[in-house]
Amino acid sequence: INATTLHVPSEYLNIQSSLTASEIGATVLVATGTYFENISFEGKDIVIISEMGSEQTIIDGSDNGSVVTFAGGESENAGLIGFTIRNGSGTFVSFLNYGGGILVKSASPHWENLIITSNSAFAGGGIAYHSTEPTDFTPSIKNCIINNNFASEGGGIFCANISPVIENTQIISN
């Protein structure tokens, strides 16, 4: 496993370019700021960490799909720590859009210290865990706030055939 640390924006202009360049096992360290982009982990077990926490480090999806996507079988070694995830509009899966803030399809990532807010989708305004059939994937959420998201089904969280582990997380006003 490669123990490389990549830095955004000093080495890579945005988070997605660092993800694309990184090897499995890498850490991406993100400086304070607002990053207007939508990111996909591309099946890589990488950890993305903000330097100064969720209040000061924002990933804004600009209503251009799911802000963060895990859809390549990522394990519990893939992680996102210390960000605000906002202004996502979901990704189309089976003719409906899912996961405004975060979309997880057949993966087991872990997240800590996130604020997931102001996202929308048909299902899972904040987060959608989606699988077409029951799986053994068990994503985890710890110390997060999921608030002010909108969806017809599952304003905060929507789960289809995946059961996440949720610890010390507030799911309010969705």
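Residues numbered from 1 in each chain as written. Predicted model: local features only at pLDDT ≥ 70, side-chain atom pairs only at ≥ 80, totals over all residues. Heavy atoms only, no water.

Asker: Got a minute to help me understand the environment of G100 in this structure?
Answerer: One can find G100 in the loop between β11 (96-98) and β12 (102-105). What makes G100 buried here is its relative accessible area of 0%. Distance in space between the C-alpha atoms of G100 and S66 is 4.8 Å, their sequence separation being 34 residues. Excluding its chain neighbours within four sequence positions, the residues that come into contact with G100 are G65, S66, V67, G88, S89, G90, N119, S120, A121, G124, G125 and G126. (Helix = DSSP H or I, 4+ residues; strand = E, 2+ residues; numbered from the N terminus. Buried < 20%, exposed > 50% of the residue type's maximum accessible area, 1.4 Å probe, protein only. Contact = heavy atoms within 4.5 Å.)

Asker: What's the story with unusual backbone geometry in this structure? I'm lost.
Answerer: The bulk of non-glycine residues show a negative phi, and the bulk of peptide bonds are trans. Following V8, the chain continues into P9 via a peptide bond in cis, with omega recorded as 0 degrees. With respect to the helices and strands, P9 occurs in the loop between β1 (5-8) and α1 (15-21). One non-glycine residue, N143, adopts positive backbone phi at about 55 degrees. As for its position among the elements, N143 is in the loop between β17 (140-142) and β18 (145-147). Judged by its relative accessible area of 29%, N143 is partly exposed. Although it is not a glycine, S173 sits at a positive phi angle of roughly 55 degrees.

Asker: I keep staring at the sheet that holds strand β2 (residues 27-30) and nothing clicks. Help me out?
Answerer: What holds strands together in a sheet is hydrogen bonding between their backbones, with the strands either parallel or antiparallel. Read from one edge of the open sheet, seven strands run β1-β2-β5-β8-β13-β17-β21, paired in parallel fashion. The sheet is open, and its two borders are formed by β1 and β21 (165-167), each paired with just one other strand. Recorded for the sheet is a direction-independent mean angle of 10 degrees between the axes of neighbouring strands. The pairing of strand β8 (residues 79-81) with strand β13 (residues 110-112) spans three bridges and is classified as parallel. Paired with G79 across the two strands is H110, which belongs to β13. (Pairing = 2+ DSSP bridges. Axes fitted to C-alpha atoms, helices over the stretch in contact; angles between N-to-C directions.)

Asker: Could you clarify how one ought to interpret the nonpolar core in this entry?
Answerer: Buried together is how nonpolar side chains tend to be arranged in soluble globular proteins. Formed by 34 residues in total, the largest nonpolar core has its most connected members in I15, I48, I102 and W111. Of all elements in the fold, only β1, α1, β2, β7 (68-70), β12 and β16 (127-130) reach the threshold of two or more residues within this core. If sequence neighbours within four positions are ignored, I102 has contacts with V68, F70, I85, W111, L114, I116, G126, I127 and A128. (Core = buried A, V, L, I, M, F, W, Y, C linked by side-chain atoms within 4.5 Å.)

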